[in-house]
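Given next are the chains, with one letter for each unit.
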Amino acid sequence: MLDSTSHSRRIAVRPLPPARGPQLVPAPTSSEREHPLLLPPRNRLLGALPHAELAALLPHLELIQLEHHDTFFGPEKPIEFVFFPETAVVSLVNTFEDGGTVEVGTAGCEGMVGLPVFLGEPISAVSVFTQIPGAASRMDAATFAHLASAPGALHRMMLRYTQAFLTQVSQTAACNAAHLVEQRCARWLLMTHDRVEGDDFPLTHEVLAYMLSVRRAGVTLAMRALQDAGLVRYTRGRVTVVDRVGLEGASCECYRVVSAHFARLLGQVAPCAD
Ligand SMILES: [Zn+2]
């Protein structure tokens, strides 16, 4: 189980910049200690590390702001950095030869992006981009590979996260092949709701169609059904989860299967906003 209660000291970082695009926030200097950020980090993987291992990572972590649809690595491209989302949510997307797309995985405060680095082959097979804007910590891929290969809590945690993420990817593949669009919409909304602050987040029917690899008209019908049932509210490019329990009932089993695996391997994923 993740233990995020064992660290309570504060570190200092600069406030996140408002500008668009991936914005690197330089490591703080001693004169910038007046802007504290609470430890443990919101990222649950980092927050679960023993104090000594987290302290060893901190000098190599850079806090950045990820904006909507920032792409930070593409298929068959070398991975230069690994990312630990704090408040951002990212999507891993497969693109077919005909240009079609489908989301194969997601990561937020419960996880990280850059597993191929840990596994020794720092080449991405998928595109990764920001779904929900927010903060993330990043680390140079070579440094992370070196630190995570050493025996210790980080290595063990990354093994567990790899298993959990593989479950998410395989269940998503099964879901995309077998379940109804409305059920898949509910699953996607629940997974995103788990990883954001509050009950609403930006979403368009175009993006959801892109994520689920279905026609926009199908997503529109599915979202209308969920809204008519009083489970969500959709206005001006934002969706609000109104009835969380009802939405879980509208989802296929895949949400529960993946959540159970994450809980068993890494502790509860939701809610990250605590
Ligand atoms: Zn499903």
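Scroll up for the structure.
How each quantity is defined
Residues numbered from 1 in each chain as written. Predicted model: local features only at pLDDT ≥ 70, side-chain atom pairs only at ≥ 80, totals over all residues. Helix = DSSP H or I, 4+ residues; strand = E, 2+ residues; numbered from the N terminus. Buried ≥ 20, exposed ≤ 12 C-beta atoms within 10 Å, placed from the backbone. Contact = placed C-beta atoms within 7 Å. Pairing = 2+ DSSP bridges. Axes fitted to C-alpha atoms, helices over the stretch in contact; angles between N-to-C directions. Expected span 1.5 Å × (residues − 1).

Participant: Honestly, the overall build of the protein chain in this entry has me stumped. Any pointers?
Facilitator: Along the backbone of the protein chain there are 10 helices and 13 strands. Split into buried and exposed, the 274 residues of the protein chain put 40% on the buried side. The long-range share in the protein chain, meaning contacts at least 24 apart out of those at least 6 apart in sequence, stands at 75%.

Participant: Before we go on, may I ask you to explain the sheet that holds strand β11 (residues 200-202) in this structure?
Facilitator: Across a sheet, strands are paired by hydrogen bonds formed along the backbone, either parallel or antiparallel in direction. One open sheet accounts for 3 strands, arranged β11-β13-β12; its pairing is antiparallel. Two strands lie at the open edges of the sheet, namely β11 and β12 (232-235), each paired on one side alone. Taken pair by pair, the neighbouring strands of this sheet meet at an average axis angle of 20°, ignoring direction. In this sheet, strand β13 (residues 238-241) lies alongside β11 in antiparallel orientation, the contact comprising 3 bridges. Paired with Phe201 across the two strands is Val239, which belongs to β13.

Participant: Honestly, helix α6 (residues 181-193) in this entry has me stumped. Any pointers?
Facilitator: A turn of α-helix holds 3.6 residues, and therefore any two residues three or four places apart point the same way. Between its terminal C-alpha atoms α6 stretches 18 Å, which fits the 18 Å expected from 13 residues at 1.5 Å a residue. Taking burial as the measure, the 13 residues of α6 include 11 buried ones, the bulk of the element. Listed in full, the buried residues belonging to α6 are Glu182, Arg184, Cys185, Ala186, Arg187, Trp188, Leu189, Leu190, Met191, Thr192 and His193.

Participant: When you look at the sheet that holds strand β7 (residues 89-95) in this model, what are you seeing that I'm missing?
Facilitator: Pairing is antiparallel across the open sheet formed by 4 strands, whose spatial order is β5-β9-β7-β8. Sheet topology places β5 (71-73) and β8 (101-107) at the edges, where each strand pairs with a single neighbour. Strand-to-strand twist across the sheet, computed as the mean angle between neighbouring axes with direction ignored, equals 35°. Both β5 and strand β9 (residues 127-132) contribute to a ladder of 2 bridges, which runs antiparallel. Opposite Thr71, over in β9, you have Phe129 as the bridge partner.

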